[in-house]
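One-letter residues, chain by chain:
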Amino acid sequence: MEYLEFELPIKELEEQLQKCRVIGEESEVDVTETCSQIEKKLKETQKDIYKNLSPWQRVQLSRHPNRPYTLDHIKAICGDSFLELHGDRNIKDDKAMIGGLGKIGDQSFMFIGQQKGYNTKTRQYRNFGMANPEGYRKALRLMKSAEKFGIPVVTLIDTPGAYPGLEAEERGQGEAIARNILEMTRLKVPIIAIVIGEGASGGALGIGVGDKVLMLENSWYSVISPENCSSILWRSWEYKEQAAKALKLTATDARKIKVVDGVIKEPLGGAHRDREKTFLAVSNAIVKSYEALKNLSPTDLISQRMEKYANMGVYKG
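Basis of the calculations
Residues numbered from 1 in each chain as written. Predicted model: local features only at pLDDT ≥ 70, side-chain atom pairs only at ≥ 80, totals over all residues. Heavy atoms only, no water. 1 Å grid on protein atoms, 1.4 Å probe; cavity = no way out; pocket = protein on both sides within 12 Å on 5 of 7 lines; lining within 4 Å. Points joined across faces, edges and corners; volume = space filled by probe spheres on them. Helix = DSSP H or I, 4+ residues; strand = E, 2+ residues; numbered from the N terminus. Nonpolar A, V, L, I, M, F, W, Y, C, P; charged D, E, K, R; others polar. Buried < 20%, exposed > 50% of the residue type's maximum accessible area, 1.4 Å probe, protein only. Contact = heavy atoms within 4.5 Å. Polar contact = N/O pair within 3.5 Å; in protein donor to acceptor, adjacent residues only side chain to side chain.

How do you make sense of the layout of surface pockets when you look at a structure like this?
Over the atoms rolls a probe the size of a water molecule, and its path tells where empty space is left. If you add up the space inside the largest pocket, you get close to 280 Å³. If you trace the largest pocket, you find 19 residues lining it, with Leu205, Tyr221, Ser222, Val223 and Val259 closest to the centre. A total of four residues in the lining of the largest pocket trace back to one element, the largest contributor, which is helix α9 (residues 201-205). Split by residue class, the lining of the largest pocket holds 13 nonpolar, five polar and one charged. Considered as a void within the structure, the second largest pocket measures approximately 240 Å³ in volume. Taken together, Arg63, Pro160, Glu198, Ala200, Ser201, Trp220, Val223, Ile224, Ser225, Glu227, Asn228 and Trp237 form the lining of the second largest pocket. For the lining of the second largest pocket, the secondary structure elements donating two or more residues are β5 (191-200) and α10 (226-233).

In structure tokens, the structure reads:
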């Protein structure tokens with residue numbers, strides 16, 4: 001297990017507990033009382049740290065190397081029923097954007113999401129979860145297929161942003177994202193969007209328009225990352241903590257200002273601390289959201305979706 005800087009007191013206590021248990025196993029000394037005291041202190045420290053996380057600390061948790069990514073969620077939720085689909089039928093298959101059909105129980109869903117890598121090789125292969133225009137065009141192709149067959153769409157958002165390279169701009173990055181936003185507002189099937197990690201900029205919005213938009217507790221959703229915001233406003237990355245606070249990018253803030261519809265609770269310490277519990281929470285959220293949407297007609301779905309986004313940012317003095 002890797003620890004973040006603010007988690008070091010937890011690391012120390014966990015190491016003490018481990019040593020205490022080893023002493024108990026290797027000698028005849030009764031360490032039960034000592035172990036229980038350390039366990040008690042460990043629980044108190046965990047609660048104290050995780051109940052008072054700053055926005056920047058939540059950003060750090062969303063990027064934790066052990067945090068489950070899109071394919072981890074899909075494979076855990078759908079099992080062997082997941083069938084990945086490839087290509088945008090135009091340029092190539094973008095490895096940063098994955099999608100395909102999967103089942104939860106007897107209900108089929110079209111899953112789409114950004115996929116990051118877990119080591120140097122796979123990060124390069126997945127382009128660090130930053131999709132090119134063909135990734136967004138692949139996502140749109142899959143959404144249109146889902147619409148054709150009446151299958152609800154689930155998008156899992158986890159990206160530091162759309163790929164900003166020259167070749168992406170040449171192939172129409174801005175147009176691809178704008179086209180997705182337009183088409184998603186009028187898609188005739190239910191769309192459930194979940195921010196499972198980083199939800200940055202147009203990269204997230206390109207698959208982020210939904211009837212229900214949810215966020216995992218330690219994810220973030222914003223027009224810009226704290227580091228980039230800091231470098232623009234203060235000409236330095238040193239003010240990233242201030243930027244994170246000012247951007248109101250946490251799940252709680254996004255729920256408060258009605259950018260998202262709900263927050264999915266994570267296990268204490270983050271999604272990576274208890275993956276199975278996280279997968280179950282996400283699966284239940286998808287099923288619950290679909291139950292609320294499945295009986296709506298396409299006309300009602302689209303009008304409610306349009307109204308929801310039209311009301312965002314409306315200020316009454």
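Mind showing me how you'd approach helix α3 (residues 55-62) here?
An α-helix turns once every 3.6 residues. As a result, residues three or four positions apart point the same way. When you tally the buried positions in α3, you get seven out of eight residues, the bulk of the element. What α3 keeps buried is the set Pro55, Trp56, Gln57, Arg58, Val59, Leu61 and Ser62. Buried residues belonging to α3 abut α2 (32-50), β5, β7 (220-222), α10 and α11 (240-247).

So what exactly am I meant to see when it comes to the side chain of threonine 185 here?
Examined against the element boundaries, threonine 185 turns out to sit in helix α8 (residues 173-185). Residue threonine 185 is classed as buried on the basis of its relative accessible area, which comes to 16%. For threonine 185, the side chain forms a polar contact with the main-chain oxygen of leucine 182, separated by 2.5 Å. Excluding its chain neighbours within four sequence positions, the residues that come into contact with threonine 185 are Val209, Ile302, Arg305 and Met306.

Don't take any of this as a statement about function, it's just geometry.
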